[in-house]
Amino acid sequence: VQLQASGGGLVQAGGSLRLSCAASGNTFSVYGMGWFRQAPGKEREFVAAIVRSGGNTYYADFLKGRFTISRDNAKNTVYLQMNSLKPEDTAVYYCAAALRRITIPTMSSLSSYDYWGQGTQVTVSS
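Model, not experiment: these values are computed from the prediction.

Draft legend 1. Structural view of the overall build of the chain. Across its full length, the chain carries 0 helices and 11 strands. Ordered by position from the N terminus, the helices and strands of the chain form the series β-β-β-β-β-β-β-β-β-β-β. Taking 14 Å as the expected radius of gyration for a compact globule of 126 residues, we find that the chain reaches 13 Å, a close match to that expectation. Across its three principal directions, the C-alpha atoms of the chain cover 40 × 30 × 25 Å. Per-residue burial for the chain yields a buried fraction of 44% across its 126 residues.

Set out below in structure tokens:
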């Protein structure tokens, strides 16, 4: 499975961006997709995840409803709509694919994901 993330950029605080993650290869083996982010000097952290079949979604608590993850299985693409962006959202955002079942206890763990995209930079100015 290959993942290509796109859609990052520079935006002012309060603005919006939509990230895309296009999957190719053996996508039928993918159980779920996730978004993570990594700010300079910080560890990579979980943002959101979605199950490929059924569409169950999971979010990090700190988001407070500002981000929405969605999928288009026909296009093998997962999206992350980010609204009300804050300077602290500045990070490189990575998409990841999980071949094994992900649930509430495991969805936020990096080790639950088998493939990773290259990352896309999101910068929010104040």
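We are not done yet, so read on.
Draft legend 2. Highlighting unusual backbone geometry. A positive phi angle, close to 55°, is found at Asn-76, a residue other than glycine. Within the chain, Ser-84 stands out as a residue other than glycine whose phi angle is a positive 50°. Among the residues examined, Ser-84 registers a relative accessible area of 40% and is labelled partly exposed.

Draft legend 3. Structural view of the pairing of strand S8 (residues 77–82). Of all 6 residues in S8, 5 are buried, a share of seventy percent or more. Here strand S3 (residues 17–24) runs beside S8; their pairing, made up of 6 bridges, is antiparallel. Residue pairing across strands places Ser-20 opposite Tyr-79, the latter belonging to S8. Where strand S7 (residues 67–72) and S8 come together, 6 bridges link them in antiparallel fashion. In the sheet register, Thr-68 faces S8, and the bridge partner there is Gln-81.

Draft legend 4. Looking closely at the pattern of salt bridges. A complete count under the given rule lists 4 salt bridges for this structure. A salt bridge links Arg-66 to Asp-89; the shortest N-O distance between them is 2.7 Å. Highlighted residues: Arg-66 in the loop between strand S6 (57–59) and S7 and Asp-89 in the loop between S8 and strand S9 (91–98), separated in sequence by 23 residues. Residue class for Arg-66 comes out buried when judged on its relative accessible area of 12%. When its relative accessible area of 0% is taken as the criterion, Asp-89 is described as buried. By sharing partners, the salt bridges in this structure join Arg-37, Glu-45, Arg-66 and Asp-89 into a single network.

Draft legend 5. Summary view of the nonpolar core. Trp-35, Leu-80, Met-82, Tyr-93 and Tyr-113 are the most contacted members of the largest nonpolar core, which has 39 residues in total. Within the residue set of this core, elements represented by two or more residues are strand S1 (2–6), S3, strand S4 (32–38), strand S5 (45–51), S7, S8, S9 and strand S11 (120–125). Not counting residues up to four positions away in its chain, the partners in contact with Tyr-113 are Met-33, Gly-34, Phe-36, Phe-46, Ala-49, Ala-96, Ala-97, Ala-98, Arg-100, Ile-102 and Met-107.

Draft legend 6. View of the packing of aromatic side chains. Taken as a whole, this structure holds 4 aromatic pairs when the rule is applied. Ring centres of Phe-36 and Phe-46 lie 5.6 Å apart, and the angle between their planes is 75°; on these two criteria the pair is classed as edge-to-face. Within this pair, whereas Phe-36 is found in strand S4, its partner Phe-46 is found in strand S5, the two being separated by 10 residues in sequence. Owing to a relative accessible area of 9%, Phe-46 belongs among the buried residues under this scheme. Connected via pairs of aromatic rings, a cluster forms that spans Phe-36, Phe-46, Tyr-113 and Trp-116. Positioned above the aromatic ring of Tyr-94, the side-chain terminus of Arg-44 is 3.6 Å from the ring centre. Positioned over the ring face of Trp-116 is Arg-44, at 5.0 Å from the centre of the ring.

Rules and cut-offs
Residues numbered from 1 in each chain as written. Predicted model: local features only at pLDDT ≥ 70, side-chain atom pairs only at ≥ 80, totals over all residues. Heavy atoms only, no water. Helix = DSSP H or I, 4+ residues; strand = E, 2+ residues; numbered from the N terminus. Rg over C-alpha atoms; globule rule 2.2 N^0.38 Å. Buried < 20%, exposed > 50% of the residue type's maximum accessible area, 1.4 Å probe, protein only. Pairing = 2+ DSSP bridges. Salt bridge = Lys/Arg side-chain N within 4 Å of Asp/Glu carboxyl O. Core = buried A, V, L, I, M, F, W, Y, C linked by side-chain atoms within 4.5 Å. Contact = heavy atoms within 4.5 Å. Phe/Tyr/Trp six-rings, centres within 6.5 Å; stacked < 30°, edge-to-face > 60°. Lys NZ or Arg CZ within 6 Å of the ring centre and 35° of its normal.

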